[in-house]
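A closer look at the structure
Take a look at the letters that make up each chain.
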Amino acid sequence: MSIPMSPAEITAEWFQQHLGWNVTDVQIHEIGAGIGVSSAVYRAHLVGTDVPETVVVKLAAIDPNAVFTCTVLRMYIREAKFFNELANDMPVRVPAGYYGVVSDDGANFVVVMEDLVGNRLLDQTAHLDDADAEACVDNLAIWHANWWNRTDGFAESGLAVALADPIYPAMLPMLFDEGWSKLNASAECVPPEALQPVGPKFGGAVERLLAQLSEGPMTLLHGDYRTDNMMFAPDGTVILMDFQLTGVGSAAYDIAYFIGSCLDVDAARERGLYDRWTNGLVAAGVPRSDLADMWDKYRIASLFCLVYPAVASRAMDLDVPRERDLANVMLSRQARAAVDLDWMSLLA
């Protein structure tokens with residue numbers, strides 16, 4: 001079948017039939033444990049003629065809660081389409097895509113992509129130094145500027161889901177509440193005090209927040225711009241991975257998520273990185289006038305992105321140290337943002 005249901009089905013014959021590669025033997029190893037919960041990720045070691053030594057293969061998640069979320073939010077559809085249609089037209093470094101197929105119901109998929117082993121991996125639970133953070137901000141400005149007001153057809157084709165899509169207000173309040181309850185009932189992942197008054201009001205604000213992030217200039221969003229989805233090449237180039245949450249909306253969404261979830265910053269450093277990003281947009285050709293209300297949208301996006309640890313926690317095993325640490329570090333950084341950016345005023 002074109003979509004393997006398990007790593008055991010990623011065989012030499014499968015590569016021969018579906019990619020046309022002369023593969024004679026395959027060894028499969030899991031590589032994504034504890035980093036992402038939306039997919040199962042494997043490295044395939046290939047033996048054959050004129051084939052890569054290794055490739056990365058992504059399949060649907062093992063956890064049924066993760067598969068449900070990915071199906072209703074069309075996440076597997078987005079990533080398969082990204083590698084089939086857009087990966088070779090990116091202004092920043094991304095893995096080469098070799099194959100991508102998704103089932104008719106969107107619940108199963110397979111992507112075969114370039115293996116970027118040997119580059120420097122980042123870790124969202126660790127501190128990111130200033131130089132690396134600035135390189136990530138600069139890279140994001142290049143991405144956003146490239147697609148600035150140039151997103152026609154992305155949502156219609158399924159390559160991205162617009163922030164204004166009705167699927168989000170229809171599903172996210174329920175998914176958020178389930179995750180929020182799980183976190184609060186956990187032994188070691190209870191959201192910090194600064195977030196406690198936010199949680200009960202979040203679901204009722206989702207539709208309004210998304211509407212505000214769907215006004216003004218639009219761009220293509222990465223949608224999950226965090227350090228677990230990045231590498232650095234030896235020459236310092238930022239490499240992006242994971243394209244299951246590509247969207248169309250305000251560029252503030254990605255930068256707020258990155259700073260708020262990945263960096264240990266104070267208010268002054270946060271504003272400095274935001275200014276660096278806007279200056280990068282202008283340097284790449286975005287009119288300064290398009291950014292007049294971007295700081296307001298940044299605050300709104302920062303609040304909205306509390307949805308990430310809450311929804312992701314539904315599929316996390318919070319007894320696994322790495323998954324527990326990821327949830328806690330995101331929540332602690334967002335608690336800082338909740339205070340510095342006055343989230344509660346946005347919920348009034």
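Residues numbered from 1 in each chain as written. Predicted model: local features only at pLDDT ≥ 70, side-chain atom pairs only at ≥ 80, totals over all residues. Heavy atoms only, no water.

Notes on the overall build of the protein chain
Helices and strands together make up the secondary structure of the protein chain, namely 13 helices and 11 strands. Since a compact globule built from 348 residues should have a radius of gyration of about 20 Å, the 20 Å found for the protein chain is in line with a globular shape. Its C-alpha atoms put the protein chain at 60 × 50 × 40 Å along the principal axes. For the protein chain, the proportion of its 348 residues judged to be buried stands at 57%. Partitioning the intrachain contacts of the protein chain with sequence separation of at least 6 by distance along the chain shows that 72% fall at a separation of at least 24. Within the protein chain, one finds 23 positive and 47 negative side-chain charges whose respective centroids are separated by 5 Å. (Helix = DSSP H or I, 4+ residues; strand = E, 2+ residues; numbered from the N terminus. Rg over C-alpha atoms; globule rule 2.2 N^0.38 Å. Buried < 20%, exposed > 50% of the residue type's maximum accessible area, 1.4 Å probe, protein only. Contact = heavy atoms within 4.5 Å. Lys, Arg positive; Asp, Glu negative; His and termini not counted. Charge placed at Lys NZ, Arg CZ, Asp CG, Glu CD.)

Description of the pattern of salt bridges
Inspection of every chain in the model, using the stated rule, returns 22 salt bridges. Between Arg-322 and Asp-228 there is a salt bridge whose closest N-O contact spans 2.9 Å. Pair noted here: Arg-322 is in helix α12 (residues 321-340) and Asp-228 is in the loop between β8 (219-221) and β9 (230-232), with a separation of 94 residues, a long-range link. What makes Arg-322 partly exposed here is its relative accessible area of 22%. Relative accessible area serves as the criterion here: at 7%, Asp-228 is assigned to the buried category. Measuring nitrogen to oxygen at the nearest pair gives 3.0 Å for the salt bridge that ties Arg-333 to Asp-264. (Salt bridge = Lys/Arg side-chain N within 4 Å of Asp/Glu carboxyl O.)

Focus: the sheet that holds strand β11 (residues 247-249)
In space, the 3 strands of this open sheet follow the order β7-β11-β8, with mixed pairing throughout. The outermost strands of the open sheet, each flanked by one partner alone, are β7 (161-162) and β8. Sheet analysis places β7 next to β11, joined by 2 bridges and oriented parallel. In the strand pairing of β11, Ala-162 is matched with Val-248. (Pairing = 2+ DSSP bridges.)

Thoughts on the packing of aromatic side chains
Here the structure, examined in full by the defined rule, presents 21 aromatic pairs. Taking the centre distance of 6.4 Å and the plane angle of 65° together, the rings of Tyr-253 and Tyr-308 count as edge-to-face. With a gap of 55 residues between them, Tyr-253 in helix α8 (residues 252-262) and Tyr-308 in helix α11 (residues 307-313) connect regions that are remote in the sequence. Here Tyr-253 and Tyr-308 have matching classes, each one buried. Geometrically, the ring pair formed by Tyr-257 and Tyr-308 is stacked, given 4.0 Å between the ring centres and 20° between the ring planes. (Phe/Tyr/Trp six-rings, centres within 6.5 Å; stacked < 30°, edge-to-face > 60°.)

Considerations on the sheet that holds strand β2 (residues 39-49)
Here 5 strands make up an open sheet; going across it, the order is β1-β2-β3-β5-β4 and the pairing antiparallel. On the outer flanks of this sheet lie β1 (22-30) and β4 (97-102), each paired with one strand and no other. If you compare each strand with its neighbour and ignore which way they point, the axes differ by 25° on average. Pairing analysis gives 5 bridges linking β4 to strand β5 (residues 109-114), with the strands arranged antiparallel. For Gly-97, the partnering residue across the bridge sits in β5 and is Met-113. Packing against the sheet, helix α1 (residues 12-19) makes contact with β1, β2, β3 (54-60), β4 and β5, and its axis sits at approximately 115° to β1. Packing against the sheet, helix α3 (residues 75-86) makes contact with β2, β3, β4 and β5, and its axis sits at approximately 145° to β4. (Axes fitted to C-alpha atoms, helices over the stretch in contact; angles between N-to-C directions.)

Thoughts on the nonpolar core
Soluble globular proteins tend to pack their nonpolar side chains together in the buried interior. Counting residues in each nonpolar core, the largest one holds 111 residues, and the members touching the most others are Phe-258, Trp-277 and Phe-304. Excluding its chain neighbours within four sequence positions, the residues that come into contact with Trp-277 are Val-137, Leu-140, Ala-141, His-144, Ala-251, Ala-252, Ile-255 and Met-294. Among the nonpolar cores identified, the runner-up in size contains 20 residues, and Ile-3, Trp-14, Trp-21 and Val-57 belong to it. (Core = buried A, V, L, I, M, F, W, Y, C linked by side-chain atoms within 4.5 Å.)

Comments concerning the side chain of Ser-103
Relative to the assigned elements, Ser-103 resides in the loop between β4 and β5. Ignoring anything within four residues of it in the chain, the contact list for Ser-103 reads Ile-3 and Asn-108.

Side note on the environment of Ala-131
Positionally, Ala-131 belongs in helix α4 (residues 130-146). Looking at Ala-131, the relative accessible area reads 53%, which means it is exposed.

Looking at the packing of helix α9 (residues 267-283) against helix α10 (residues 294-304)
Contact geometry for α9 and α10: axes closest at 12 Å, N-to-C directions at 125°. The angle between the axes of α9 and α10 places the two elements in the oblique class. The crossing of α9 and α10 is right-handed. Taken together, the residues of α10 that come into contact with α9 (itself represented by Glu-270, Arg-271, Tyr-274 and Trp-277) are Met-294, Trp-295 and Tyr-298. In terms of residue class, the contact of α9 with α10 is made up of 5 nonpolar, no polar and 2 charged. (Parallel < 35°, antiparallel > 145°, perpendicular 65-115°, else oblique. Left-handed = near helix turned anticlockwise from the far one by under 90°. Nonpolar A, V, L, I, M, F, W, Y, C, P; charged D, E, K, R; others polar.)

Overview of unusual backbone geometry
Even without being glycine, Asn-149 reaches a positive phi, approximately 55°. On the secondary structure map, Asn-149 appears in the loop between α4 and α5 (154-157). With phi around 65°, Asp-242 is a residue other than glycine that occupies positive phi space. Position of Asp-242 relative to the elements: it lies in the loop between β10 (238-240) and β11. Taking relative accessible area as the criterion, Asp-242 reaches 15% and is therefore assigned buried.

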